[in-house]
Amino acid sequence: MSDGYSRLIEKIKIYNPTCDFTMIEKAYKLSRSAHEGQQRISGDPFIIHPMEVAIILAELELDCTSIVAGILHDTIEDTTYTFEQLKQNFGDEVATLVDGVTKLGKIPYTTKEEQQVENLRKMFLAMAKDIRVILIKLADRLHNMRTLKYLSPEKQLEKAKETIEIYAPLAHRLGISRIKWELEDLCLRYTDPKGYYDLVDKIATKRKEREAYITQIKDTLSEKAGELGIEAHVDGRPKHFYSIYKKMKDQNKTLEQVYDLFAFRVIVNSVKDCYAVLGLVHELYKPMPGRFKDYIAMPKPNMYQSLHTTLIGPEGQPFEIQIRTWDMHRVAEVGIAAHWKYKEGNAGESEVDNKLVWLRQLLEWQKEMRDAKEFMETLKIDLFTDEVFVFTPKGDVLSLPVGSTPIDFAYAIHSAVGNKMMGAKVNGRIVQLEYEMKNGDIVEILTSANVHGPSRDWLKIAKSSQAKNKINQWLKKEKRDENILRGKEIVEKELKKLGLTFNQLFKQEWLEPILRRYTFNTLEDLYAGIGYGAISANKIMSRLKEEYKKTLKPDELDEQLLESLSPQKSDKKKKAIPESGIIVKGIDNCLVRLSRCCNPVPGDEIIGYITRGRGVSVHRKDCTNVTNTIEGDTRFIDVKWYTSSNVAYKADIIVMANDRAALLMDVTNTIGEAKIPLKAINARTTRDQIVIMNLTMEITDTEQLDKIIKKLKKIDSVFDVTRNKQ
């Protein structure tokens, strides 16, 4: 059979000769029959795809159940075959796996970002139930990437970007380097074809030279290890295209400047031999300082173990060596799949569960997150960052994302430690909370009973999602009453804009599905979520408006109401220019005043502050009154300039000059020629005959202000013109 069946059977026999081959054949025949007449875009019969997926799973040495599910993974989605039929013919386990993979398919959501996030949520939930679901999904994506050339350029780019952002890092997090490297190289081919093929050509031109270099080092290592009585398998290869490409891009280097293009792998029989070989290579070649990592003593969270060292080889060419045992090598290649005991089926689950603690935590934290962007940001931290290994004073090792600070360390120990933290010592010395921890640091957290919880500013310092979520949880809990009030105010303003009452829109039968959808228990929880910023009032109101519209008869939908209930139309409707020239996020017809302490003008970065009884006060973001505000103040609100407004703004500038006759006249004439209204002037002369003028003008934006400042600087005797920032 030319569709891959024979190859699949041969591969399974090598590692699992006791597999139920009758079940494999039954799955193959059913899949071939169910997909009869279907073709891939390439023109190949569809059956080739599920068989290639099954072969990839066999290369990971997965159990028979996974292989059967791989063969059948598209039957529910793409054929008339049902879940119940699958369950009846192949049992609960296979049917559940196939159903899990099927449910990772696309689902309708309001935005593409929401759709992607919901797919990811489902993927992680499926992983938590049975990790084999995601292994089948990765195999499915790998074969699709191998055949990507048959799709349109737009689809190629879309699939490649999704793969490099989600699937390749996921393979890395699960420790499956074999799939990770291939996915990355395939993605590079489509995201930057020119860069990829240029790199391939350049590396190919040095092939003979490279092979001679690799052979020389391999022979030396094998010979010297043999002399020590160590049985060592030595393998040498250039690094993968994507890792070389990424290093060139990140460090802005040419291929010639990337020094560690070569990687050697030494595989031995025991941990003792690993360290013996390490000593040997450090005798043979000069090690590069700071380039040694011991992942045997401190394994990565994805279970990876090896000794890494970078050495200066013959002719001064650096190269990397990885030293590991055969067991470690298998884990490095197939990651979590190595912990699935194919002969015992589910017997591997308890071990896998221990390795997926990070996934359980991720799912727990995401329950708190209802915003798509926040989810994606957290996901990138959890899946995409490398690790730094640090120690507690007692010698326990903690693994945290690179760039982590003492705040991350404190919350990794316990929430109570983080909430009572007042400072930290690293290697016996007091450090700032912003200190980025390095491999091997010994960290001690200083706590105090007088500390009343974390500051909101800590969210900007913390790197790990674990710390950020625990800080957020504390802030939500402690400021719940304040958040509920703020949420109510926002909802009331939205209702006022629509001209509707609370009772018209907030009907219990409409509200309950929304509360369930966003995992709120009560209306107060929803208010708190809106007040805290976990979810926007607009998102909630738009769903309620849709329900309300369904209850109205055509003659009840007057033009104004229809306008307010139709977001598409109201978006297109031209907004009136606000009198202040400032738009306050989420609020219309709000009292707004420009703060006199910093006199913001269009072009400045600004922020609003909700005052008591005086509306919103607008400050420049660098205003000292903003930067010195009490930590955690929730009265800040987003504001922006209305770009097309013709509103005039007052700006204060200071002119400093050496005193001379007619100086004041020259200054006022320059301002008059620029047709800028001068509203106030205050001038004085110091004992040193220095004139200091404080001018207040009306300008339209920072560009006009910059121009007049340049003109004033050109006046004879004027030596400094600055904007008054206070």
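Within each chain, residues carry numbers counting from 1 in the order of the written sequence. Predicted model: local features are reported for residues with pLDDT of at least 70 only, side-chain atom pairs are reported and counted for 80 or more only, and whole-chain, interface and lining totals are derived from all residues. Values shown for side chains rest on all heavy atoms present in the structure; no hydrogens or waters enter the calculation.

(A) Representation of the pattern of salt bridges. A pair is scored as a salt bridge if a Lys or Arg side-chain nitrogen falls within 4 Å of a carboxyl oxygen belonging to Asp or Glu. Counted by the stated rule, this structure contains 19 salt bridges. Residue Glu 52 pairs with Arg 7 through a salt bridge whose shortest N-O separation is 2.4 Å. One end of the pair, Glu 52, is in helix H3 (residues 48–59); the other, Arg 7, is in helix H1 (residues 5–15), with 45 residues separating them in the sequence. The buried label applies to any residue whose accessible area, calculated with a 1.4 Å probe on protein chains only, is under 20% of its type's maximum; exposed applies above 50%, and partly exposed to all values in between. With relative accessibility at 38%, the residue Arg 7 sits in the partly exposed group. Strands are runs of DSSP state E lasting at least 2 residues, helices are runs of H or I lasting at least 4, and numbering of each runs from the N terminus.

(B) Here's a closer look at the side chain of Ser 404. Mapped onto the elements, Ser 404 comes out in the loop between strand S8 (397–401) and helix H19 (406–413). The exposure class of Ser 404 is buried, given its relative accessible area of 0%.

(C) Spotlight on the sheet that holds strand S10 (residues 429–431). Two strands pair under a simple rule: DSSP has to find at least two bridges between them. The strand order across the open sheet formed by three strands is S10-S9-S11, and the pairing between neighbours is antiparallel. Across the chains shown, the open sheet's two edge strands, defined by having one partner strand only, are S10 and strand S11 (443–447). Taking the axes of each pair of neighbouring strands and ignoring which way they run, one obtains an average angle of 40° across the sheet. When strand S9 (residues 421–426) meets S11, the two strands line up antiparallel, connected through five bridges. Across the sheet, the residue bridging to Ala 424 is Ile 445, located in S11. Only heavy atoms matter for contacts: two residues are in contact if any of them lie within 4.5 Å across the pair. To get an axis, a line is fitted to the C-alpha atoms, and for a helix only the part in contact is used. The angle between two axes follows their N-to-C directions and goes from 0 to 180 degrees. On top of the sheet, H19 reaches S9, S10 and S11; it is set at about 80° to S11, its chief contact.

(D) Examining the environment of Leu 485 more closely. Position of Leu 485 relative to the elements: it lies in helix H23 (residues 480–498). Considered as a pair, Leu 485 and Gly 531 are 46 residues apart in the sequence and their alpha carbons are 7.3 Å apart.

(E) Region of interest: the nonpolar core. By nonpolar core is meant a set of buried Ala, Val, Leu, Ile, Met, Phe, Trp, Tyr and Cys residues that side-chain atoms within 4.5 Å join together. One finds Leu 8, Ile 12, Ile 24, Ile 67, Leu 72 and Phe 90 to be the most contacted residues of the largest nonpolar core, which totals 59 residues. For this core, the secondary-structure elements that each account for two or more residues are H1, helix H2 (21–34), H3, helix H4 (64–71), helix H6 (83–102), helix H8 (132–146), helix H9 (153–173) and helix H10 (177–191). By residue number, the principal contributor to this core is H8, which donates eight residues. In this structure, Leu 8 is in contact with Ile 24, Met 51, Ala 54, Ile 55, Ala 58, Ile 67 and Ile 71, ignoring residues within four places of it in sequence. Core analysis: the second largest hydrophobic core is formed by 35 residues, Ile 203, Ile 217, Leu 255 and Cys 274 among them.

(F) Representation of the sheet that holds strand S20 (residues 690–699) in the model. Strand order in the open sheet made by the four strands is S19-S20-S18-S21, with antiparallel pairing throughout. Sheet topology places strand S19 (678–685) and strand S21 (718–723) at the edges, where each strand pairs with a single neighbour. For this sheet, the mean inter-axis angle between neighbouring strands, taken without regard to orientation, is 15°. Strands strand S18 (649–658), S19, S20 and S21 of the sheet are contacted by helix H31 (residues 663–673), whose axis makes an angle of about 20° with S20.

(G) Broad picture of the state of the cysteines. Sulfur atoms of two cysteines make up a disulfide when they are within 2.5 Å. All chains considered together, the criterion is met by one disulfide. A disulfide bridge connects Cys 19 with Cys 64, and the sulfur atoms are separated by 1.7 Å. Here the residue Cys 19 occupies a position in the loop between H1 and H2, and Cys 64 occupies one in helix H4, the gap between them amounting to 45 residues. We note that Cys 19, like Cys 64, is buried.

(H) Molecular detail of the side chain of His 329. When you line up the elements, His 329 lands in helix H15 (residues 326–334). With near-sequence residues (within four places) excluded, His 329 lies in contact with Arg 265, Ile 267 and Arg 324.

(I) Inspection of the pairing of S18 at higher detail. With seven of its ten residues buried, S18 lies for the most part within the structure. Bridge count for S18 against S20 is ten bridges, and the pairing is antiparallel. In the sheet register, Met 656 faces S20, and the bridge partner there is Ile 692. Of the pairings in the sheet, the one linking S18 to S21 comprises five bridges and is antiparallel in character. Residue pairing across strands places Ile 653 opposite Arg 723, the latter belonging to S21.

Note that every value here comes from positions in space, so none of it alone points to a role or purpose.
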